[in-house]
Amino acid sequence: MNELTNILTTVASAITLLTGTAKLLPTSPERKAALLALEQAEQAIQQANVRLAADLGYNLCQCTFPPQIALRTQTGEMRCPSCHRDTNEDYAPMRSGFRPRR
Ligand SMILES: [Zn+2]
């Protein structure tokens, strides 16, 4: 799993570098197409990161799409990096075997 995380991080860094380089190109249809392709590649990497996080048991927050990956704070809460909500509120009922009604 750690190797997969490293691969995703490396690919994301490469996309960032390529995006920076593509922005140096003169305005043209080719520049626009390159930036669009890189944006789609970045979204694909983000979706792969979310899938990996879910497989590893991280809480996901649905305040954005793709979802945000909640990280544990020093006080033990699983906070969303975007809306700062404690996502343990969503997961506690499911972890106790109770499924909330939708
Ligand atoms: Zn959120």
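Report on the accompanying structure. Quick caveat, the model's predicted, so the values are computed rather than measured. (Residues numbered from 1 in each chain as written. Predicted model: local features only at pLDDT ≥ 70, side-chain atom pairs only at ≥ 80, totals over all residues. Heavy atoms only, no water.)

### Re the overall build of the protein
The helix and strand inventory of the protein stands at three helices and four strands. Counting helices and strands in the order they occur from the N terminus, the protein gives α-α-β-β-β-β-α. The C-alpha radius of gyration of the protein comes to 18 Å, more than 25% above the 13 Å expected for a compact globule of 102 residues. Seen through its C-alpha atoms, the protein measures out along the principal axes to roughly 55 × 30 × 25 Å. Relative to its 102 residues, the protein shows a buried fraction of 20%. For the protein, restricting intrachain contacts to residue pairs at least 6 apart in sequence, the fraction spanning at least 24 positions comes to 25%. Accessible surface for the protein amounts to roughly 7600 Å². Of this, 57% is attributable to carbon and sulfur atoms. With 11 positive and 9 negative side-chain charges, the protein shows a separation of 6 Å between the mean positions of the two kinds. (Helix = DSSP H or I, 4+ residues; strand = E, 2+ residues; numbered from the N terminus. Rg over C-alpha atoms; globule rule 2.2 N^0.38 Å. Buried < 20%, exposed > 50% of the residue type's maximum accessible area, 1.4 Å probe, protein only. Contact = heavy atoms within 4.5 Å. Areas by Shrake-Rupley, 256 points an atom, 1.4 Å probe, with all protein chains shown as cover. Lys, Arg positive; Asp, Glu negative; His and termini not counted. Charge placed at Lys NZ, Arg CZ, Asp CG, Glu CD.)

### Focus on the coordination of the zinc ion
Taken together, the protein donors to the zinc ion comprise Cys 61 (SG), Cys 63 (SG), Cys 80 (SG) and Cys 83 (SG), at separations of 2.3 Å. Around the zinc ion, the four donor atoms are arranged such that angles at the metal cover 104 to 115°; this shape is classified as tetrahedral. Read in sequence order, the donor residues coordinating the zinc ion give the pattern C-x1-C-x16-C-x2-C. Taken together, the residues span a long stretch of sequence, with Cys 63 in the loop between strand E1 (60-61) and strand E2 (68-69) and Cys 80 in the loop between strand E4 (78-79) and helix H3 (88-95) at a distance of 17 residues. On the accessibility criterion, Cys 63 (38% relative accessible area) is partly exposed. (Donors = N, O, S within 2.8 Å, 3.2 Å for Na, K, Ca; no water. Tetrahedral: all angles 85-135°; square planar, octahedral: opposite > 155°, others 65-115°.)

### Some points on the pattern of salt bridges
By the definition in use, this model includes three salt bridges. Salt-bridge contacts for Asp 55 lead to Arg 51; the nearest nitrogen and oxygen are separated by 3.6 Å. Here the residue Asp 55 and the residue Arg 51 both occupy positions in helix H2 (residues 29-55), the gap between them amounting to four residues, near one helical turn. The residues Asp 55 and Arg 51 share a single accessibility class, namely exposed. Two residues, Arg 85 and Asp 90, come together in a salt bridge whose shortest N-O distance is 2.9 Å. Given a relative accessible area of 28%, Arg 85 falls into the partly exposed group. Overall, Asp 90 belongs to the partly exposed group, its relative accessible area being 30%. (Salt bridge = Lys/Arg side-chain N within 4 Å of Asp/Glu carboxyl O.)

### A few points about the packing of helix H1 (residues 2-22) against H2
Contact pair H1 / H2: the axes reach a minimum separation of 10 Å and the direction vectors enclose 160°. On the basis of their axis angle, the class for H1 and H2 is roughly antiparallel. The chirality of how H1 crosses H2 is left-handed. Here Leu 4, Thr 5, Leu 8, Val 11, Ala 12, Ile 15, Leu 18, Thr 19 and Ala 22 of H1 lie close against H2, whose contacting residues are Arg 31, Ala 34, Leu 35, Leu 38, Ala 41, Glu 42, Ile 45, Ala 48, Asn 49 and Leu 52. Within the contact of H1 with H2, the residues separate by chemical class into 14 nonpolar, three polar and two charged. (Axes fitted to C-alpha atoms, helices over the stretch in contact; angles between N-to-C directions. Parallel < 35°, antiparallel > 145°, perpendicular 65-115°, else oblique. Left-handed = near helix turned anticlockwise from the far one by under 90°. Nonpolar A, V, L, I, M, F, W, Y, C, P; charged D, E, K, R; others polar.)

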